[in-house]
Amino acid sequence: MPIYALTMLAAGIGIPLLAALNAALGVRIGSPAAAAMVLFCVALSATTLVTIVTGPKALSGIPLAPRHLLLGGLLVAFYVLSITYIAPHFGIGNAVFFVLLGQLISAAIIDHFGLFGARVSPLSLTRASGIAVMALGVWITQRA
């Protein structure tokens, strides 16, 4: 389990870095959409390599997957496009604050109802309080 936590910590560290790097690229080249396209080309190359190394046979299961599960691609495109455009105007910290707030809300809903096959973790008063404290902590860091 520690490897899961460390991996997700690294992913969390990467989100503001991704926002800052892609926002700067968008400003530098004059197009947030083109910067997002470059990011996705690099991401496609990296994930293609990982798929080749770990076993491309899994690709044969894609046609059998429910279509709604493919909407994740649209959500990641929305995230990258919005953070690339908004962060230079709103600030990385402010943009990521609202991303984190949205993540806390949607994660609680997904876990509470076990959506998309997630493990059910009911939203108890204790859990809701913890989420509120986390949101307050993120808000306080942005106000400082």
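Each remark here, short or long, concerns the structure printed above.
What counts and how
- Residues numbered from 1 in each chain as written.
- Predicted model: local features only at pLDDT ≥ 70, side-chain atom pairs only at ≥ 80, totals over all residues.
- Heavy atoms only, no water.
- Helix = DSSP H or I, 4+ residues; strand = E, 2+ residues; numbered from the N terminus.
- Expected span 1.5 Å × (residues − 1).
- Buried < 20%, exposed > 50% of the residue type's maximum accessible area, 1.4 Å probe, protein only.
- Contact = heavy atoms within 4.5 Å.
- Axes fitted to C-alpha atoms, helices over the stretch in contact; angles between N-to-C directions.
- Parallel < 35°, antiparallel > 145°, perpendicular 65-115°, else oblique.
- Left-handed = near helix turned anticlockwise from the far one by under 90°.
- Nonpolar A, V, L, I, M, F, W, Y, C, P; charged D, E, K, R; others polar.
- 1 Å grid on protein atoms, 1.4 Å probe; cavity = no way out; pocket = protein on both sides within 12 Å on 5 of 7 lines; lining within 4 Å.
- Points joined across faces, edges and corners; volume = space filled by probe spheres on them.

## Examining helix H1 (residues 2-29)
(1) Moving on: Between its first and last C-alpha, H1 extends 40 Å over 28 residues, near the 40 Å set by a 1.5 Å rise per residue.
(2) Moving on: Among the residues of H1, those classed as buried are Ala19, Asn22, Ala23 and Gly26.
(3) Moving on: Looking at the packing, one finds that the buried side of H1 touches helix H2 (32-54), helix H3 (72-90) and helix H4 (92-113).
(4) Moving on: Among the residues trailing H1, Gly30 stands out with phi positive, at a value near 85 degrees.

## A closer look at the packing of H2 against H3
(1) Moving on: Put simply, H2 and H3 touch, their axes get as near as 9 Å, and they point 135 degrees apart. On the basis of their axis angle, the class for H2 and H3 is oblique. As H2 packs across H3, the resulting crossing turns out to be right-handed. In this structure, H2 contributes Pro32, Ala33, Ala35, Ala36, Leu39 and Phe40 to the contact, and H3 contributes Val76, Ala77, Val80, Leu81, Thr84 and Tyr85.
(2) Moving on: Partitioned by chemical class, the residues of the contact of H2 with H3 number 11 nonpolar, 1 polar and no charged.

## Describing the layout of surface pockets
(1) Moving on: Its volume calculated, the largest pocket comes out at about 480 Å³.
(2) Moving on: If you trace the largest pocket, you find 17 residues lining it, with Leu75, Tyr79, Ser82, Val99 and Gln103 closest to the centre.
(3) Moving on: Sorting the residues of the lining of the largest pocket by element identifies H1, H3 and H4 as the ones contributing at least two each.
(4) Moving on: When residues in the lining of the largest pocket are grouped by element, the largest group, 9 residues, is from H3.
(5) Moving on: There is about 260 Å³ of room inside the second largest pocket.

## Brief notes about the environment of Val50
(1) Moving on: Here Val50 lies in helix H2.
(2) Moving on: Exposure remark for Val50: the relative accessible area of 49% places this residue in the partly exposed category.
(3) Moving on: Taking the C-alpha atoms as reference points, Val50 and Gly14, 36 residues apart in sequence, are found 18 Å from one another.

## Focus on unusual backbone geometry
(1) Moving on: Although it is not a glycine, Phe116 adopts a positive phi angle of roughly 60 degrees.
(2) Moving on: Topologically, Phe116 is positioned in the loop between H4 and helix H5 (125-143).
(3) Moving on: For Phe116, a relative accessible area of 64% translates into the label exposed.

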